[in-house]
Amino acid sequence: MGDVRPEVLAGGIIRDDGEIEFFLRVNALLRSDMTVLDLGAGRGAVFMSGKWELRERLAKLQGKVQRVIGIDVDDGVLDHPYLDEKHVVQVDAPLPLADQSVDLIVAHWVFEHVQNPAHLASEFFRVLKPGGWICARTPHRWSYVGIATCLLPEGLQRAVLKWIKPQFEAQDKFPTVYRLNSFSAVRRYFSQSKWLNCSYGVNSAPRYHFESRSIFRLLSAYQSVAWPKTDLIVLIQKRL
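As a starting point, this report considers the structure included with it. Note that this is a predicted model, so its numbers are computed, not measured.

Some points on the pairing of strand S4 (residues 102–108)
With 7 of 7 residues buried, S4 lies mostly within the body of the structure. Bridging between strand S1 (residues 35–39) and S4 involves 3 bridges; their strand directions are parallel. Across the sheet, aspartate 38 pairs through a bridge with valine 106, a residue of S4. Across 6 bridges, S4 lies against strand S5 (residues 128–139) in parallel orientation. Its bridge partner lying in S5, valine 102 is registered against leucine 128.

A look at the packing of aromatic side chains
In this description, an aromatic ring pair is defined by two values, namely the gap between the centres and the angle between the planes. Tallied over the full model, the rule gives 5 aromatic pairs. Where phenylalanine 190 meets tryptophan 195, the ring centres are 5.3 Å apart and the plane angle is 80 degrees; that geometry is what we call edge-to-face. Judged by relative accessible area, phenylalanine 190 falls into the buried class, the value being 2%. By relative accessible area, tryptophan 195 is classed as buried at 2%. Following the ring pairs from residue to residue traces out a cluster consisting of Phe124, Phe125, Phe190 and Trp195.

Scoring rules and cut-offs
- Residues numbered from 1 in each chain as written.
- Predicted model: local features only at pLDDT ≥ 70, side-chain atom pairs only at ≥ 80, totals over all residues.
- Heavy atoms only, no water.
- Buried < 20%, exposed > 50% of the residue type's maximum accessible area, 1.4 Å probe, protein only.
- Helix = DSSP H or I, 4+ residues; strand = E, 2+ residues; numbered from the N terminus.
- Pairing = 2+ DSSP bridges.
- Phe/Tyr/Trp six-rings, centres within 6.5 Å; stacked < 30°, edge-to-face > 60°.

Right, here's the structure in full:
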């Protein structure tokens, strides 16, 4: 990527790395006495690149807080290397956590898969302590990524994604529904009376560019002027 983003040569960081921006925000909220819920923790693919050291350091929450609990609908979470507690749950099942037992919820690339946003919001409210935060990153429903995903059948999505990103691992692709992926949806399910909403949009480096420098440049130019932004950063605090 050095010929497209030469700044990557200075520390392996590109200027619009969405993972770094998101996890930097998460780290800013951490305290050593916290219990953190990583919803949709997966198998820990973010730690398997072997080349993004800073990204992986920021994404690793274990050791920075008292406890990190990983929950996922896929049993790959049992192989995640940096969780203190692991749970496999059914879709839309209650979270296996006590009321007001969590200080921070992280959901990285999860909201696009949520089938029942009202249930999820209710469970988040139940398990979060007053003043606790939700930090989520998800594709915006009306970005070009969100629109393209919604137009393609699930099976075709997998084929196209494998074509665009040859390194794509099939076990990391789950069905998407895009019911919690816009500012209006976030406001609808996380009401102002219960939540303080600090969410915003951001354009991160293009993720789907056929490994082509020309397409990467084209998408980068488009994203510099595009609305809405490609990513929705959801930051919501449970009111005291």
